[in-house]
Amino acid sequence: MPARGGRPGLRLVVLRLAVHEESTMHDHRKLGRELGLFGSDPLIGAGLPYWLPDGAEIRHSLEEYVRDLERHAGYRHVHSPVLGKRELYEISGHWDHYRDDMYPPMDVGGEQLVLRPSLCPHHALIYRSRGRSYRELPLRIAELGGMYRSELSGVLGGLGRVRAIQLNDAHIFCALDQVEAEAGAALALIRQAYDALGISPARYRLSLPGEGGKYVAGNWDRASEILRSVLERSGLAYDEAEGEAAFYGPKIDVQIADSAGRESTLSTVQVDFHQPARFGLEYVGADAAKHRPVMVHRSIIGSVERAVAQLIEVHGGAFPAWLAPVQLRLLPLSEAEVPYAREVLDRCGDLRAEIAAEGSLGARIRDGRLVPFQAVLGPDEVAAGRLSLRMRDGSRLDAQPAGDALAWLRGESSPPSANRGPGSGFPVPPSR
């Protein structure tokens, strides 16, 4: 299909070249290992990376930011098991339509259990756990949960494609007349998060069904028109791609590109009429009759692994201060200043700080070139109880009392505010 909102073909080439330049040609697999963010071991298995302390700090900061963003947008967080009975996925349709990407069932106590390939069936059951009223809708539930995909060895690589995935997932259960607003607000949250993370989409894609039997029967035209309207109202140029829909419904895919120009999906918004019907989901309307909700699937940053891979490549390891594994590096000039460095470190509180006392000062500054802030501690700073901060770009701030400097650093190192609007055509709905 031709691109919407721009000249066909040319817009895609320009976007992909721009993203390619912005990535600064950093391969996250190489840089992530050099920076000590993650690793792998054959005894654990292909596509199953482990996180080292600095990588875990980035991951945790990202997860906390997303949870805060979701809470401010009215989502309630849940936890659900990474296993489910095969019957669960037969009902949802995953077993018939997605089996090749699932791990085989395990026979446990006379039951067949499956590592889940998706969180949506679990969330449907959470919705169904009690009666629902129209007054509760839209009901937004979110989870950072594990899921598993039986990926072929040839497509695995670093953090970009793995077999054990931590997914930022959410499902909105709403009335039909609420679907467009909820899908639009979900897309607005994605755009807000990308702005905070410094991620630029390669393109937006409206993924539609294609030929063949991989799709369930359903209200595809209505769902597709809703998502098309969301994109149009948001003022975003987009492409339509047949054959890229989920088996249960169409979706908006936010595409990113890695340092080699390879494209993948990071975030998504989907409209699903299928699973609410399969699980018999209902709510009591204002007319006292029973109605079926619509399920909006939504992921702000998608796979945490893929999101961190993109962040490594976009920032080249020089992460925004709120994401940086080390935010402040203290550089005592000699052994005489080490006690003061330890005193400052004790006062850092939730700032991620460390002392670097070995080697020449110049070498230590170069070693910490990716750290957002460094502080050289000499006799004058010790005597006055001050900090002289050096920024990552080489600029310096005037020396100030240590308490004032640390308070300023906390502000500079705080995550972006979740209250800031995303500036799209759809405001983020407030908490109920």
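The structure presented is a predicted model; accordingly, all values stated were derived computationally and were not measured. (Residues numbered from 1 in each chain as written. Predicted model: local features only at pLDDT ≥ 70, side-chain atom pairs only at ≥ 80, totals over all residues. Heavy atoms only, no water.)

Caption draft 1: Representation of a nonpolar patch on the surface within the structure. A cluster of nonpolar side chains, contributed by I44, Y50 and L52, occupies part of the molecular surface with about 240 Å² of accessible area. Secondary-structure assignment places I44 in the loop between strand 1 (38-39) and strand 2 (50-51). (Patch = residues over 30% accessible without salt bridge, like charges linked within 9 Å, V, L, I, M, F, W, Y side chains within 5 Å. Areas by Shrake-Rupley, 256 points an atom, 1.4 Å probe, with all protein chains shown as cover. Salt bridge = Lys/Arg side-chain N within 4 Å of Asp/Glu carboxyl O. Helix = DSSP H or I, 4+ residues; strand = E, 2+ residues; numbered from the N terminus.)

Caption draft 2: Structural detail: helix 14 (residues 402-412). Within helix 14 the residues assigned to the buried category are A402, A405, L406 and L409. The arc enclosing the buried residues of helix 14, seen along the axis, measures out at 95°, which places them on a common side. If you follow the buried residues of helix 14, they end up packed against strand 16 (328-332), helix 11 (338-347), strand 18 (373-377), strand 19 (386-387), strand 20 (389-391) and strand 21 (400-401). (Buried < 20%, exposed > 50% of the residue type's maximum accessible area, 1.4 Å probe, protein only. Arc of directions from axis to C-beta. Contact = heavy atoms within 4.5 Å.)

Caption draft 3: Structural context of the sheet that holds strand 4 (residues 83-85). Here three strands make up an open sheet; going across it, the order is 4-6-5 and the pairing antiparallel. In this open sheet, the two edge strands, each paired with only one partner strand, are strand 4 and strand 5 (106-108). Neighbour to neighbour, the strand axes of the sheet diverge by 45° on average, direction disregarded. With three bridges joining them, strand 5 and strand 6 (residues 111-115) adopt antiparallel strand pairing. By the bridge assignment for strand 6, V108 is matched with E111. (Pairing = 2+ DSSP bridges. Axes fitted to C-alpha atoms, helices over the stretch in contact; angles between N-to-C directions.)

Caption draft 4: Fine view of unusual backbone geometry. Here L137 and P138 are connected by a cis peptide whose omega angle stands at 0°. Considering the arrangement of structural elements, one finds P138 in the loop between helix 6 (120-127) and strand 7 (139-148). One non-glycine residue with positive phi stands out, namely A288, at about 70°. Positionally, A288 belongs in the loop between strand 13 (283-284) and strand 14 (290-291).

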